[in-house]
Amino acid sequence: MGISRPSRPVLLTTAATAGALVLTALAPGSATADPTPRPAVREGSPLGADRAAEAPEGAAERALEDTPAPHLGGDKGRDGYPRERKLTAPPENPADKSMKLGLTPYHGIAPKLNALQRLGDRVSVEIAGRSAGGHQLYLVTVTAPESAREAARQERMRERIENSPGAAARDKAIKSSYKTPVFINNNIHGNEWEGTDAALKLVEKLAKAKDGKSRSLLAHNRLYFNITANPDGRIAGTRANANGFDLNRDFITASQPEARAVRHIAVAKQPAVMIDLHGYVNGTLIEPTTPPHGENYEYDLFLKNSYSNALGMEAAVNGLGYTEEKDGVKPAVIPFRDQEEGWDDWPPIFTPQYMPFHGAVATHTIEFPMQVNNDAYETQPVAELRRRAAVNVDIAGAAMRATLDWTDRHRTSVIADQIEVFRRGATGAEQVPVSEETVPGVPGIGPEDVYTTEFPRAYVIPAGDADGGRGQRSATAAARLVDHLVANDVRVERASHGFRLGGRTYPKGSYVVDMHQPKRGLANVMLADGRDISDKVSTMYDISGWSLGRLWGASVDSVKSGDLDGVRTRTVRAASRVGYVAPHGNLRLRLDDPREIAALNSLLADGVSVRRDRDGSAVVPSSARRAAAAVAKKYDVAFDATKVKGKAALHRTRVAAAVTPGELFALREMNFDVVPVSTAVLNSGFGWKKADVLFVSAGLDRGKLNDAAKARLDRFLAGGGGLVGRGAAGAALNADAGLLAVEAVEGNGDANGVVRVANTGGTVTGGAPDHSFVYSPSWFTGLGPGVRVEQKYGTGNPLVSGHWRALEDGTGGPSDAAGRACVVSGTAGAAEVVLFGTEPLFRDHPKGVFPQVGRALLSVGRG
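Here's what I pulled together on the structure shown here. A quick note: this is a predicted structure, and the numbers were derived from the prediction, not measured.

The subject of this paragraph is the overall build of the protein chain. When its secondary structure is counted, the protein chain shows 26 helices and 36 strands. A globule of 863 residues ought to have a C-alpha radius of gyration of about 29 Å, and the protein chain, at 27 Å, matches this closely. For the protein chain, the spread of C-alpha atoms along the three principal axes comes to 80 × 65 × 60 Å. Within the protein chain, buried positions represent 61% of all 863 residues. Within the protein chain, contacts between residues at least 6 apart in sequence are counted, and of these 79% link residues at least 24 apart. Only carbon and sulfur atoms are counted for the fraction: they give 50% of the accessible area of the protein chain, which is about 30,100 Å². Side-chain charges of the protein chain comprise 103 positive and 99 negative groups, with the mean position of each set lying 6 Å from the other.

Positionally, Thr284 belongs in the loop between strand E7 (273-279) and strand E8 (285-286). Residue Thr284 is classed as buried on the basis of its relative accessible area, which comes to 0%. Among all residues touching Thr284, those that are not within four sequence positions of it are Val317, Lys330, Pro331, Ala332, Val333, Ile366, Glu367, Phe368, Pro369 and Ile395.

Enumeration over the complete set of coordinates arrives at 20 aromatic pairs. On the basis of an interplanar angle of 55° and a centroid distance of 5.7 Å, the ring pair of Tyr280 and Phe368 is categorised as tilted. Here the residue Tyr280 occupies a position in the loop between E7 and E8, and Phe368 occupies one in strand E11 (residues 362-368), the gap between them amounting to 88 residues. Comparing Tyr280 with Phe368, the two get one shared label, buried. Taken together, the ring pairs in this structure connect Tyr297, Tyr299, Phe302 and Phe357 into an aromatic cluster. Across the ring face of Trp552, the terminal group of Lys847 is positioned such that the distance to the ring centre comes to 6.0 Å.

Time to look at the sheet that holds strand E19 (residues 580-581). Read across the sheet, six strands follow the order E19-E23-E20-E22-E21-E24 without closing on themselves; strand pairing throughout is mixed. Bordering the open sheet on either side are E19 and strand E24 (649-650), each of which pairs with just one other strand. Bridge count between strand E20 (residues 586-589) and strand E23 (residues 638-642): three bridges; the pairing is antiparallel. The residue bridging Asn586 from the neighbouring strand is Thr642, located in E23. Sheet contacts for helix H19 (residues 594-605): E20, strand E21 (610-612), strand E22 (618-620), E23 and E24; angle to E20, the most-contacted strand, approximately 135°.

Glancing now at the pattern of salt bridges. Oppositely charged side chains may form a pair once their charged atoms are brought near each other. By the definition in use, this model includes 45 salt bridges. With a closest N to O distance of 2.8 Å, Arg234 and Asp197 form a salt bridge. With Arg234 in helix H8 (residues 231-236) and Asp197 in helix H6 (residues 194-208), the pair connects residues that are 37 residues apart, well separated along the chain. The exposure class of Arg234 is buried, given its relative accessible area of 0%.

So, about helix H7 (residues 212-220). An α-helix turns once every 3.6 residues. As a result, residues three or four positions apart point the same way. Those residues of H7 lying buried are Ser214, Leu217 and Leu218. End-on view of H7: buried residues confined to an arc of 90°, all on one side of the axis. Elements that come into contact with the buried residues of H7 comprise strand E4 (136-142), H6, strand E6 (221-226) and helix H15 (382-427).

A separate point is the pairing of strand E34 (residues 799-803). Look at any regular strand and the pattern is simple: side chains alternate between the two faces of the sheet. Counting buried positions over the five residues of E34 gives five, a clear majority of the element. As judged from the four bridges shared by strand E30 (residues 752-759) and E34, these two strands associate in the antiparallel manner. Paired with Val755 across the bridge in E34 is Leu799.

Another point: unusual backbone geometry. A cis amide bond links Tyr81 with the next residue in sequence, Pro82, at an omega value of 5°. Looking at the secondary structure, you find Pro82 in the loop between helix H1 (57-64) and helix H2 (106-117). In this structure, Gly283 follows Asn282 across a cis peptide bond, with omega equal to 5°. Positive phi is not limited to glycine here, since Asn374 has a value of about 55°. Among the structural elements, Asn374 can be located in helix H14 (residues 374-379). Residue class for Asn374 comes out partly exposed when judged on its relative accessible area of 27%. For Asn671, which is not glycine, the phi dihedral falls at a positive 70°.

Note that Ala63 resides in helix H1. According to the relative accessible area criterion, Ala63 is buried, its value standing at 2%. Sequence spacing of Ala63 and Glu669 is 606 residues, and the spatial spacing of their C-alpha atoms is 9.7 Å. Setting aside chain neighbours within four positions, we find Ala63 in contact with Asn243, Ser255, Gln256, Pro257, Arg260 and Phe665.

Attention now moves to the pairing of E6. Judged by how many residues are buried, E6 sits mostly within the fold: six of six residues are covered. Burial along E6 is two-sided: Asn221, Leu223 and Phe225 facing one way and Arg222, Tyr224 and Asn226 facing the other are all buried. In this sheet, E6 lies alongside E4 in antiparallel orientation, the contact comprising four bridges. Across the sheet, residue Leu139 finds its bridge partner in E6, namely Asn226. Judged from the six bridges that link them, strand E5 (residues 180-186) and E6 form a sheet pairing that is parallel. Within the sheet, the bridge partner assigned to Val182 lies in E6 and is Leu223.

Before going further, it helps to examine the packing of H1 against helix H21 (residues 661-669). Running from N to C, H1 and H21 cross one another at 70°; their axes reach a closest spacing of 10 Å. Judged on the interaxial angle alone, H21 and H1 are roughly perpendicular. Crossing hand, H1 versus H21: right-handed. Facing H1, whose interface residues are Glu57, Ala60, Ala63 and Leu64, H21 presents Phe665, Arg668 and Glu669.

Our focus in this paragraph is the nonpolar core. With 150 residues, the main nonpolar core has Leu113 and Phe225 as its most contacted residues. When residues in this core are grouped by element, the largest group, 17 residues, is from H15. If we skip the residues at most four places from it in the chain, Leu113 touches Leu87, Val125, Tyr138, Val140, Leu200 and Ile227. Core analysis: the second largest hydrophobic core is formed by 58 residues, Ala599, Ala817, Phe836 and Val860 among them.

Overall, the coordinates contain eight cavities of 30 Å³ or more when judged by the stated rule. The calculated volume of the largest cavity comes to roughly 150 Å³. Together, 17 residues line the largest cavity, and Asn296, Glu298, Pro356, Phe357 and Val421 are the ones closest to its centre. Those elements that provide at least two residues to the lining of the largest cavity are H15 and helix H17 (520-527). Of the residues belonging to the lining of the largest cavity, the class tally is ten nonpolar, four polar and three charged.

Turning our attention to the sheet that holds E6. Read from one edge of the open sheet, seven strands run E3-E4-E6-E5-E7-E11-E8, paired in mixed fashion. Two strands close off the open sheet at either side, each with one partner strand: strand E3 (123-130) and E8. Along the sheet face, H7 touches E4, E5 and E6 and points at about 85° away from the line of E6.

How each quantity is defined
- Residues numbered from 1 in each chain as written.
- Predicted model: local features only at pLDDT ≥ 70, side-chain atom pairs only at ≥ 80, totals over all residues.
- Heavy atoms only, no water.
- Helix = DSSP H or I, 4+ residues; strand = E, 2+ residues; numbered from the N terminus.
- Rg over C-alpha atoms; globule rule 2.2 N^0.38 Å.
- Buried < 20%, exposed > 50% of the residue type's maximum accessible area, 1.4 Å probe, protein only.
- Contact = heavy atoms within 4.5 Å.
- Areas by Shrake-Rupley, 256 points an atom, 1.4 Å probe, with all protein chains shown as cover.
- Lys, Arg positive; Asp, Glu negative; His and termini not counted.
- Charge placed at Lys NZ, Arg CZ, Asp CG, Glu CD.
- Phe/Tyr/Trp six-rings, centres within 6.5 Å; stacked < 30°, edge-to-face > 60°.
- Lys NZ or Arg CZ within 6 Å of the ring centre and 35° of its normal.
- Pairing = 2+ DSSP bridges.
- Axes fitted to C-alpha atoms, helices over the stretch in contact; angles between N-to-C directions.
- Salt bridge = Lys/Arg side-chain N within 4 Å of Asp/Glu carboxyl O.
- Arc of directions from axis to C-beta.
- Parallel < 35°, antiparallel > 145°, perpendicular 65-115°, else oblique.
- Left-handed = near helix turned anticlockwise from the far one by under 90°.
- Core = buried A, V, L, I, M, F, W, Y, C linked by side-chain atoms within 4.5 Å.
- 1 Å grid on protein atoms, 1.4 Å probe; cavity = no way out; pocket = protein on both sides within 12 Å on 5 of 7 lines; lining within 4 Å.
- Points joined across faces, edges and corners; volume = space filled by probe spheres on them.
- Nonpolar A, V, L, I, M, F, W, Y, C, P; charged D, E, K, R; others polar.

Right, here's the structure in full:
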């Protein structure tokens, strides 16, 4: 390319198999990666043939609770520092997995924090929320004492930086006395433990320090420590939380309470610098990353600061004196400098890739080197595990201290760059492409590192029927999307009059996202279509496509240019409620939104008589108006008047689910009565009277069932039990049981993203969006008699955004899938079957696509 850069090994495989990242390098000097795609990695942890999700229902209930964000005292400057809070220690848990490593068990954290608060006047502890498993999340602040008045002054400066960045850039008080916020996030993967212990040690050291350097550090900075972001996983020794979620994939969806807690910290504290402590990569991996880089960042400011801080952390880690010969510890690695691809910052789902949208200008994943989880945890002697864990604690501490030193030295320029991020957003300024000229001091920048986007002037989320006839379904989805944007600190306004913009007319009540706002990058990363980056790199670390604008069920219009001055709006704090029940006649509930599916299931659970209309919607008799009013309020859905009485009766559907954690959670979100199953559960004598329908996507292999279990399953299907299958596991069970006459074709297993689809308007996909999500996409050919096509992939290239290449032999790519059936249904004997080649419940994310599964379960379930 004509660019001088160091000879860099290539990252071939970054499969996060339950936290163990496998790095395979080519010889130095190699310029390209092996194009063979790595196996798909679901939710951070492949489940395996007998590993279907089995999270407890209580964890889902806690995660789904619509609780307000915790008040982190002083968000509005009402309290000064310190803010001592005596924590109640949980009961001792001898099963806590961290103890085997000689690390602090979760039940030991609260007593330590209580003791640290008593050491002086620098340490404060607050409760940032609760985990899905019900455990408290501890946010520790370390800083020099502040009166309530000074804390309020700091908060005014913080707000000015975000909301009036032009004035903030000229504010001498901000330059001289604003405390730089630094956020250190620990243990977000529960079986990557050591960041927690390093943080506790550092907090204790800072609490006791008498030297001038420490005093100056705390006088000019606020240090925030999320002690353990995943206490459920810390205790259980699992990567995931109690719901089976990889929390470091949840930051755009925020389905889990732990991710929402970090989101609230990001909004309330506005960190300028953050690091996220992980394991295990040898040598210690310190971001910034390889391409592709997120196109919505102010990447020139981000790269300048992140690379500089990375060098300091690298020196500190290597300076500890560990060697490969003596300790098994290799020198630290900076992917931007040392690798070509495979460790990217493209998706905004990781903590360090989410934080820049809230103004952080240096963020890093740090992967300490010595593996102590998974097989190592079970096979290595305790003494060796503790040696390794101690090394990791030492390295994590070095990275933390180096980051604090770097921030303190550069705090003036760091805050100036944070202000500049917000100024560019507020004024609609163009991004600055990275180059050796725009980011001096960072070697090896080439055209492969340049990713920018063209921000629209605004996004409009139409109200009412302005979306082409989808009506109230869109209103319910729009309200959810708007509330989600507001929770992420994206500014949303609502029109008080009808208006015309971008050549279209919109009614009163439409929502407007003016893209001249400080957090335009976050607004755009959520609402834009994204980009097809299949030709940019051969492999990606995780998903490559997402779009709330396409996948969350609301209509979202991108307005490239236009004058917003004539649009009369008011700022939205929360979306307007859309719940409604027609005053007369029978009631129609469209089943085009997950909240509508949840409302229906609530009515059915209460014994309300409901029938299905021919378009797939639900008809509720006028006699049940009071019950409809209750669920309309709870789920914010609309019941319109109808004269029809409906056809077949709908019944409460009991689902036996062999699925991924994200799917299990989404089913519960839609209020289905779910019993988790797997190959092992069926072999142990599962009673099929508990179920009306079987949903299979993971962890159930008919070929591995014993004879009795196989016979019971076959009798269930022959007796009218329904089957909904997704992906390879669902298609395999359909074939093994001799049900629908279809041939399932698997595409590239590494492919994922947002795809165009065409719906046939049947029971399953009636009213569905014209986009869906795929991960390891598949499709169906050889359709036999009676097989109905519910949905097809779009013609041409169906991929809108993401990464989908053909395999080495030229097959499995998007051109092979184009126009092919991706959702099919039909009857096989007494069994109704629906098969999905898409992934409509992926990580609880594509909300607007959920109803396809909900409708499928309701249509095939016996009752």
